[in-house]
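Chain by chain, the residues:
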Number of protein chains: 2
Amino acid sequence: MGSDGVAEKLRAGAVPTLEMVAAHAGVSRATVSRVVNGSPKVTPDVTEVVQRAIEALNYVPNRAARSLASRKTQAIALIVPESAARVFADPFFASVVQGIALHLADTDYTLNMIIESESQSGKTRRYLLGGNVDGALVVSHHTGDHSYAQLSRTLPVVFGGRPLSDTESDNYFIDVDNQHGAETAVAHLVASGRTTIATIAGPQDMPPGLDRLAGWREVLTQHGMDTELFEVGDFSPASGVTAMKRLLAREPKIDGVFAANDQMAIGAYSAIREAGLRIPEDIAVIGFDDDIYGATATPALTTVHQPSVEMGREMARVLVKLIEGEPVDTLTKLKTSLVVRASA
Amino acid sequence: MGSDGVAEKLRAGAVPTLEMVAAHAGVSRATVSRVVNGSPKVTPDVTEVVQRAIEALNYVPNRAARSLASRKTQAIALIVPESAARVFADPFFASVVQGIALHLADTDYTLNMIIESESQSGKTRRYLLGGNVDGALVVSHHTGDHSYAQLSRTLPVVFGGRPLSDTESDNYFIDVDNQHGAETAVAHLVASGRTTIATIAGPQDMPPGLDRLAGWREVLTQHGMDTELFEVGDFSPASGVTAMKRLLAREPKIDGVFAANDQMAIGAYSAIREAGLRIPEDIAVIGFDDDIYGATATPALTTVHQPSVEMGREMARVLVKLIEGEPVDTLTKLKTSLVVRASA
DNA sequence: GTGAAAGCGCTAACAG
DNA sequence: CTGTTAGCGCTTTCAC
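Residues numbered from 1 in each chain as written. Chains lettered and ligands numbered in written order. Predicted model: local features only at pLDDT ≥ 70, side-chain atom pairs only at ≥ 80, totals over all residues. Heavy atoms only, no water.

Caption draft 1: The arrangement of the protein's contact with DNA strand D in detail. Surrounding DNA strand D, one finds 26 residues, the nearest of these being Leu18 and Tyr59 of chain A together with Arg34, Val46 and Arg71 of chain B. When atoms of DNA strand D within 4 Å of the protein are sorted by moiety, sugar and phosphate together comprise 59%. Between DNA strand D and Asn62 of chain A, the relevant distance is 3.2 Å, taken from a phosphate oxygen to a main-chain nitrogen or oxygen of the residue. Taken together, the elements giving at least two residues each to the surface near DNA strand D come down to α3 (29-36) and α5 (63-70) of chain A together with α3 (29-36) and α5 (63-70) of chain B. Grouping the constituent residues of the surface near DNA strand D by class yields twelve nonpolar, seven polar and seven charged. (Near = heavy atom within 4 Å. Polar contact = N/O pair within 3.5 Å; in protein donor to acceptor, adjacent residues only side chain to side chain. Helix = DSSP H or I, 4+ residues; strand = E, 2+ residues; numbered from the N terminus. Nonpolar A, V, L, I, M, F, W, Y, C, P; charged D, E, K, R; others polar.)

This is the structure in structure tokens:
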């Protein structure tokens with residue numbers, strides 16, 4: 001009965017199943033399963049016979065069946081909450097995804113990318129709660145938006161970027177050390193002899209905006225310098241132009257400026273030139289992010305590099321550990337580094 | 001027996017199963033399944049009772065079980081074959097992925113992103129052949145590399161970009177109309193009075209390189225103009241510089257140049273300026289791609305826009321149709337459009 | 001160490 | 001139109 005059918009399929013060249021491998025190797029399905037899952041208690045001889053059968057049949061385990069029986073999916077969701085278009089235009093995001101995918105390639109986990117269109121946020125929640133994945137990764141570049149925070153009570157979740165409020169202390173975050181990065185940049189300005197250093201800050205309702213401003217303030221304070229010279233932008237080039245103009249109007253003696261991101265720094269370039277000043281001779285400029293805008297600008301922008309690929313890798317690493325029950329830190333901070341080019 | 005256990009679980013607040021919904025609604029599991037899958041032959045009354053039970057229990061179907069029973073995965077693989085780093089730095093690729101994800105969000109399919117690291121190409125093949133996905137999408141920007149061509153005999157596959165050779169005629173492709181785009185660009189140059197039009201072609205072993213050169217040649221031929229003025233680059237800015245210099249050395253009277261991509265066009269900018277010529281007064285320049293390099297250059301580059309998001313969307317749309325057995329065209333060509341800015 | 005048996009949660013004939 | 005009956009392919013106790 002059963003084995004006849006199997007023998008038949010074996011010959012038919014159908015998609016090989018564990019049962020067929022078992023028949024081919026002359027062992028039980030349980031044993032094949034053990035070999036496939038690397039169980040230690042299987043005789044080497046048997047293991048080899050099974051391995052051979054697997055290769056002979058070109059057997060590949062069926063994911064769905066395995067998932068159903070083991071109650072694990074071996075899949076991880078990558079949630080992209082912000083407006084899709086904006087997120088994908090962001091090179092930072094692309095690098096993070098790259099890092100995630102690279103790390104996952106070394107594991108048995110699969111990456112399920114989900115673009116969260118607001119029109120169907122319920123769909124995403126259902127997907128995540130429906131046992132379709134073992135864990136989720138949430139990327140939200142600049143915004144501190146963590147509307148998925150509650151999710152973590154049901155499912156392992158790792159966020160990219162720190163939360164705005166610390167009430168969500170039971171969540172896991174991978175963050176870039178924004179404040180330290182900003183400090184490095186401003187310290188560079190100070191070290192190169194600049195004495196009137198302004199900053200174009202990011203939105204003060206976003207963690208990176210807050211932290212980078214704090215870094216600027218910290219260094220100036222240490223050097224007993226004026227800490228009032230800042231204007232807030234929204235991370236767009238246009239806001240960089242406006243902010244720089246206001247800064248120049250307030251204090252014409254400015255000889256150094258730290259912008260909270262590269263795009264605003266490029267905006268500042270325009271305002272500075274319009275005022276008839278030169279970069280870096282009259283005003284040194286440093287940005288933050290190390291994106292394509294700054295790299296291709298003239299003069300090439302000195303900026304703070306964000307370890308974006310590394311961030312993705314770390315997010316994936318932490319999530320996998322979390323899923324597998326290993327202990328991990330609640331907050332991981334990644335180091336930034338100053339990329340000195342021509343603008344400062 | 002059975003129903004007692006179910007009633008118990010119902011109270012216990014365990015993850016709801018179809019069986020629990022059936023018990024709650026007082027119908028059979030089959031009926032619940034029909035309602036969930038939108039079968040037309042269920043009485044409205046019954047449907048409603050079931051729906052209510054589903055909501056009451058907050059039931060979500062288990063994907064693995066459904067997949068196992070129906071022998072469908074409702075998942076699509078996105079394969080990224082080229083060196084991951086390069087691909088992700090490419091804004092074109094990011095947009096394509098965006099388009100794919102956007103279309104899939106409207107369907108019941110899930111996107112599995114796979115970065116194909118050469119170290120484990122076998123893993124990818126096994127994954128695809130192991131019945132883990134219902135179909136695959138292969139993106140390869142400029143290269144005509146379709147090493148996955150054979151796959152399509154086993155699994156529905158849709159490629160982005162046309163194949164280099166036409167031997168793979170049983171495969172499905174979504175391509176951009178490179179030749180027509182190039183023709184539009186060159187026609188624009190001709191229409192604006194340019195008489196000595198050169199081109200910086202892309203690699204001649206890549207479809208876009210070939211097609212864009214063909215477009216240039218076609219228009220010049222139509223106008224009885226010289227068709228010898230071309231140099232081949234490798235799509236990098238540096239190769240654009242070199243090619244432009246050679247072109248200028250060969251023919252100083254050049255007053256228009258069409259580059260096969262924006263990055264080479266920007267390279268040409270340097271060479272042109274170095275020769276003491278102005279853009280667009282002395283030489284009009286047009287690129288191809290409409291990427292960030294051209295948009296932020298000075299003067300802003302006139303270029304041919306690639307419908308990248310649309311390409312992703314189309315790839316996903318075609319693959320889903322293919323999976324569901326609907327007829328689709330073997331080759332879909334997407335229209336490009338000329339973006340006139342300051343350089344021509 | 002290995003096999004037998006019992007499901008995992010759902011779909012899909014097949015009756016009725 | 002609805003219920004019954006079998007599995008889908010694999011893991012996992014529990015005996016042997």
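Next comes the rest of the write-up.
Caption draft 2: Structural detail: the UniProt feature "domain: HTH lacI-type" (unreviewed entry) in chain A. The feature "domain: HTH lacI-type" (unreviewed entry), as given by UniProt, occupies residues 16-70 of chain A in the numbering adopted here. The annotated region residues 16-70 of chain A carries 69% helix and 0% strand content, and the separation between its end C-alpha atoms amounts to 20 Å. (UniProt positions renumbered as here; feature names shortened; annotations may be inferred.)

Caption draft 3: Representation of the pattern of salt bridges within the structure. Tallied over the full model, the rule gives 18 salt bridges over all chains. Among the salt bridges present, the one from Glu231 of chain B reaches Arg246 of chain B, with a minimum N-O distance of 2.7 Å. Of this pair, Glu231 of chain B sits in strand β7 (residues 230-232) while Arg246 of chain B sits in helix α11 (residues 237-250); the two residues are 15 residues apart in sequence, bridging distant segments of the chain. Between Asp282 of chain B and Arg278 of chain B there is a salt bridge, with the nearest N and O atoms lying 3.1 Å from each other. For Asp282 of chain B, a relative accessible area of 24% corresponds to the partly exposed category. Among the charged side chains, a network of salt bridges with common partners joins Glu231, Arg246 and Arg250 of chain A. (Salt bridge = Lys/Arg side-chain N within 4 Å of Asp/Glu carboxyl O. Buried < 20%, exposed > 50% of the residue type's maximum accessible area, 1.4 Å probe, protein only.)

Caption draft 4: The pairing of strand β2 (residues 110-115) of chain B, seen in detail. Counting buried residues along β2 of chain B, six of its six residues qualify, which places the element largely inside the surrounding structure. The alternating pattern of β2 of chain B places Thr110, Asn112 and Ile114 of chain B on one face and Leu111, Met113 and Ile115 of chain B on the opposite face, and all of these are buried. The pairing of strand β2 (residues 110-115) of chain A with β2 of chain B spans three bridges and is classified as antiparallel. By the bridge assignment, Met113 of chain A is partnered in β2 of chain B with Leu111 of chain B. (Pairing = 2+ DSSP bridges.)

Caption draft 5: Layout of the sheet that holds strand β12 (residues 337-339) of chain B. Residue and element names in this part refer to chain B. Taken in spatial order, the six strands line up as β7-β6-β8-β9-β10-β12 in an open sheet, and their pairing is mixed. Of all strands in the sheet, those bounded by a partner on one side alone are β7 and β12. Neighbour-to-neighbour, the strand axes of this sheet turn through a mean angle of 20°, independent of strand direction. Where strand β10 (residues 302-305) lies against β12, three bridges are found, and the strand directions are antiparallel. Directly across from Thr303, in β12, lies its bridge partner Val339. (Axes fitted to C-alpha atoms, helices over the stretch in contact; angles between N-to-C directions.)

Caption draft 6: Seen up close, the packing of helix α2 (residues 18-25) of chain B against helix α4 (residues 44-57) of chain B. Residue and element names in this part refer to chain B. Close contact between α2 and α4 brings their axes to 9 Å; oriented N to C, the two are set at 125°. Considered as vectors, α2 and α4 are oriented oblique to each other. As for how α2 packs across α4, the hand of that crossing is right-handed. Of the residues in α4, those in contact with Met20, Val21, His24 and Ala25 of α2 are Val49, Val50, Ala53, Ile54, Ala56 and Leu57. A class-by-class count of the residues in the contact of α2 with α4 yields nine nonpolar, one polar and no charged. (Parallel < 35°, antiparallel > 145°, perpendicular 65-115°, else oblique. Left-handed = near helix turned anticlockwise from the far one by under 90°. Contact = heavy atoms within 4.5 Å.)

Caption draft 7: Main features of the protein's contact with DNA strand C. The environment of DNA strand C is formed by 27 residues, the closest being Thr31, Arg34 and Arg71 of chain A together with Leu18 and Tyr59 of chain B. Sugar plus phosphate, as a fraction of atoms of DNA strand C within 4 Å of the protein: 64%. With respect to DNA strand C, the side chain of Arg34 of chain A contributes an N or O atom lying 2.5 Å from a base oxygen. Secondary structure elements with two or more residues in the surface near DNA strand C: α3 and α5 of chain A together with α3 and α5 of chain B. Grouping the constituent residues of the surface near DNA strand C by class yields twelve nonpolar, eight polar and seven charged.

Caption draft 8: Representation of the packing of α5 of chain A against α5 of chain B. Between α5 of chain A and α5 of chain B, the least distance of the axes is 8 Å, while the angle of their chain directions is 135°. In terms of axis orientation, α5 of chain A runs oblique to α5 of chain B. The handedness of the crossing between α5 of chain A and α5 of chain B comes out as left-handed. Each of Ala64, Ala65, Ser67 and Leu68 of chain A in α5 of chain A lies in contact with α5 of chain B, whose residues at this interface are Ala64, Ala65, Ser67 and Leu68 of chain B. Its residues placed into classes, the contact of α5 of chain A with α5 of chain B shows six nonpolar, two polar and no charged.

Caption draft 9: Structural detail: the relation of the copies chain A and chain B. Superposing chain A onto chain B takes a rotation of 180° combined with a translation of 0.2 Å along the rotation axis, leaving an RMSD of 0.2 Å. Taken together, the rotation and translation describe the operation of a two-fold axis. A high fraction, 100%, of the interface residues of chain A reappear at the interface in chain B, so the copies pair face to face through one surface. (Least-squares fit on C-alpha atoms with pLDDT ≥ 70 in both.)

Caption draft 10: Region of the structure containing the interface of chain A and chain B. Taken residue by residue, the interface counts 34 residues in chain A and 34 residues in chain B. Surface buried jointly by chain A and chain B totals about 2900 Å² across both partners, of which 63% is contributed by carbon and sulfur atoms. For the pair chain A and chain B, the interface holds zero salt bridges. Joining chain A to chain B, the criterion identifies four residue pairs in polar contact (both at pLDDT 80 or more). Broken down by secondary-structure element, the contributors of at least two residues to the side of chain A that touches chain B are α5, α6 (84-89), α7 (91-105), β2, α8 (121-129) and α13 (292-295) of chain A. (Buried area = accessible area lost by both parts, 1.4 Å probe.)

Caption draft 11: Expanded view of the packing of aromatic side chains. Residues and elements named next belong to chain A. Enumeration over the complete set of coordinates arrives at six aromatic pairs over all chains. Ring centres 6.0 Å apart and planes at 70° place the aromatic pair Trp216 and Phe230 in the edge-to-face group. Taken together, the residues Trp216 in helix α10 (residues 207-222) and Phe230 in strand β7 (residues 230-232) connect sequence positions 14 residues apart. Since its relative accessible area comes to 0%, Trp216 is described here as buried. One Lys or Arg, Arg212, reaches over the ring of Phe288 and ends 3.7 Å from the middle of that ring. (Phe/Tyr/Trp six-rings, centres within 6.5 Å; stacked < 30°, edge-to-face > 60°. Lys NZ or Arg CZ within 6 Å of the ring centre and 35° of its normal.)

Caption draft 12: Local environment of the sheet that holds strand β12 (residues 337-339) of chain A. Residues and elements named next belong to chain A. If you walk across this open sheet you meet the six strands as β7-β6-β8-β9-β10-β12, and the pairing is mixed. Looking along the sheet, the strands with just one partner apiece sit at the ends: β7 and β12. Averaged over all adjacent pairs, the angle separating strand axes in this sheet is 20°, with direction ignored. Taken together, the four bridges between strand β6 (residues 197-201) and strand β8 (residues 256-259) define a ladder with parallel strand orientation.

Caption draft 13: The environment of Leu213 of chain A, seen in detail. All names here are of chain A. Residue position: Leu213 is located in helix α10. When its relative accessible area of 4% is taken as the criterion, Leu213 is described as buried. Remark: the alpha-carbon pair of Leu213 and Ile200, spanning 13 residues in sequence, is separated by 8.3 Å.

Caption draft 14: Structural context of the environment of Phe258 of chain A. All names here are of chain A. Considering the arrangement of structural elements, one finds Phe258 in strand β8. Of the residues examined, Phe258 reaches a relative accessible area of 1% and is grouped as buried. Once you skip the residues sitting within four places of it in the chain, Phe258 turns out to touch Ala182, Ala185, Val186, Leu189, Ala198, Thr199, Ile200, Arg212, Trp216, Ile286, Gly287 and Phe288.

Caption draft 15: Examining the pairing of strand β4 (residues 157-160) of chain A more closely. Residues and elements named next belong to chain A. Neither face of β4 is exposed, since Val157 and Phe159 on one face and Val158 and Gly160 on the opposite face are all buried. In this structure, strand β3 (residues 135-139) lies alongside β4, joined through four bridges in parallel fashion. Bridging from a neighbouring strand, Ala136 pairs with Val157 of β4. Taken together, the three bridges between β4 and strand β5 (residues 172-176) define a ladder with parallel strand orientation. Residue pairing in the sheet places Phe159 in a bridge with Phe173 of β5.

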